[in-house]
Amino acid sequence: MTNDLISDFLDEKTVSSLPDFLNKDAGFEESANLIAQAFGAPKGFSSMDEAYQKKLLQSFKKNLKLLIEKTWVEDQDIAIKEKVLYQLERLCTKDQCDWTAEYKLFLEIIGAAVSLMFGAQTATEDFAEYSLRIDPEFGIFWWYISSLPATVQWNNDKCRVAIEIGMYFLANY
């Protein structure tokens, strides 16, 4: 997605915060907070306490589970739907979540869930633009998720923040 297109929906400071967040190993919090605020998160999102993190994880799982369960799918996609629901239940089940280890699984869950909801449209080049046009909030979410690299060498805290930004949107969608 071009910055011109996303700039129709977000201010320039927020748009430029995404590459800053992705490329900084330290000092990424300010950029992360701007992105999270685009989803309606409170200021200081990146430094939320553990109780808030647990509540966010529960809300995310509950809401995404409802979205997936309510999504009608073709017979050939039922196994994918069941797999996503299973993966969702397994995400961060330990008392102390290893966010770095969960990062790839999180992206797989989101990709599969969005594919179930939107079908083959998600595989097209213009899905990002399409998502912005039909639902700008979801389009901004997809801009964020599709910008995240498939694999990372980030520390646990940065992985936590990257995942929680995505969780925040879906917990409140």
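Worth saying up front: this structure is predicted, and the values here are computed from it rather than measured.

Thresholds applied
- Residues numbered from 1 in each chain as written.
- Predicted model: local features only at pLDDT ≥ 70, side-chain atom pairs only at ≥ 80, totals over all residues.
- Heavy atoms only, no water.
- Phe/Tyr/Trp six-rings, centres within 6.5 Å; stacked < 30°, edge-to-face > 60°.
- Helix = DSSP H or I, 4+ residues; strand = E, 2+ residues; numbered from the N terminus.
- Buried < 20%, exposed > 50% of the residue type's maximum accessible area, 1.4 Å probe, protein only.
- Lys NZ or Arg CZ within 6 Å of the ring centre and 35° of its normal.
- Axes fitted to C-alpha atoms, helices over the stretch in contact; angles between N-to-C directions.
- Left-handed = near helix turned anticlockwise from the far one by under 90°.
- Contact = heavy atoms within 4.5 Å.
- Nonpolar A, V, L, I, M, F, W, Y, C, P; charged D, E, K, R; others polar.
- Parallel < 35°, antiparallel > 145°, perpendicular 65-115°, else oblique.
- Disulfide = S-S within 2.5 Å.
- Arc of directions from axis to C-beta.
- Salt bridge = Lys/Arg side-chain N within 4 Å of Asp/Glu carboxyl O.

**A closer look at the packing of aromatic side chains**
Here's step 1: All chains considered together, the criterion is met by 17 aromatic pairs.
Here's step 2: Here the aromatic rings of Phe60 and Phe106 are separated by 5.8 Å at their centres, their planes lie at 45 degrees, and the arrangement is tilted. Here Phe106 lies in helix α6 (residues 99-118) and Phe60 lies in helix α4 (residues 50-70), a separation of 46 residues in the sequence. You'll find Phe60 and Phe106 in the same group, each marked buried.
Here's step 3: Taken together, the aromatic side chains of Phe39, Phe118, Phe127, Tyr130, Phe138, Phe141, Trp142, Tyr144, Phe169 and Tyr173 make up a single cluster linked through ring pairs.
Here's step 4: One residue, Lys158, lies across the ring of Phe21, its end atom 5.2 Å from the ring centre.

**Quick notes on the packing of helix α5 (residues 78-90) against α6**
Relative placement of two packed helices is described by the angle separating their axes and the distance separating the axes.
Here's step 1: Contact geometry of α5 with α6 gives a least axis separation of 10 Å together with a crossing angle of 145 degrees. Relative to α6, α5 is oriented so that their crossing is left-handed. Touching Ile80, Lys81, Val84, Gln87, Leu88 and Arg90 of α5 are Glu102, Leu105, Glu108, Ile109, Ala112, Ala113 and Leu116, all from α6.
Here's step 2: Residues belonging to the contact of α5 with α6 are distributed by class as follows: 8 nonpolar, 1 polar and 4 charged.

**Description of the environment of Arg133**
Here's step 1: Following the sequence through the fold, Arg133 ends up in helix α7 (residues 127-134).
Here's step 2: Residue contacts for Arg133: discarding those within four places in its chain leaves Leu5 and Phe9.

**Let's talk about helix α3 (residues 29-38)**
Every α-helical turn comprises 3.6 residues, leaving residues that sit three or four positions apart pointing alike.
Here's step 1: Among the residues of α3, Ser31, Ala32, Asn33, Leu34, Ile35 and Ala36 are the ones counted as buried.
Here's step 2: Elements in contact with the buried residues of α3: α2 (12-23), α8 (136-147) and α9 (156-171).
Here's step 3: Directly after α3, the chain includes Gly40, whose backbone phi takes a positive value near 95 degrees.

**Describing the packing of α4 against α5**
Here's step 1: Two numbers describe how α4 lies on α5: the axes approach to 10 Å, and their chain directions differ by 175 degrees. In terms of their interaxial angle, α4 and α5 are classed as roughly antiparallel. Contact residues: Phe60, Lys61, Leu64, Lys65, Ile68 and Glu69 in α4; Lys81, Val84, Leu85, Leu88 and Glu89 in α5.
Here's step 2: Residue composition of the contact of α4 with α5, grouped by class: 6 nonpolar, no polar and 5 charged.

**Description of the state of the cysteines**
Here's step 1: Counted according to the given criterion, the structure contains 1 disulfide.
Here's step 2: Cysteine Cys159 remains unbridged, with the sulfur of Cys97 as its closest cysteine sulfur at 10.0 Å.

**Section: α7**
Here's step 1: Where α7 is concerned, the buried positions are Phe127, Ala128, Ser131 and Leu132. Along the long axis of α7, the arc covered by the buried residues comes to 140 degrees, so they all point the same way.

**What to know about unusual backbone geometry**
Here's step 1: Look at Cys92: it is not a glycine, yet its phi comes out positive at around 50 degrees.
Here's step 2: Tracing the chain through its elements places Cys92 in the loop between α5 and α6.
Here's step 3: On the basis of relative accessibility, which here comes to 7%, the residue Cys92 falls in the buried class.

**Description of the pattern of salt bridges**
Here's step 1: What the rule picks out here adds up to 4 salt bridges.
Here's step 2: Taking the shortest distance from any N to any O, the salt bridge between Arg133 and Glu129 comes out at 3.7 Å. Here the residue Arg133 and the residue Glu129 both occupy positions in helix α7, the gap between them amounting to 4 residues, near one helical turn.
Here's step 3: A salt bridge links Asp157 to Arg160, with the nearest nitrogen and oxygen atoms 2.7 Å apart. Of the two residues, Asp157 and Arg160 both sit in helix α9, 3 residues apart, roughly one turn of that helix.
Here's step 4: In this structure Asp157 comes out as partly exposed when scored by relative accessible area, which is 32%.
Here's step 5: Given a relative accessible area of 8%, Arg160 falls into the buried group.
Here's step 6: One connected set of salt bridges, linked through shared partners, spans Asp157, Arg160 and Glu164.

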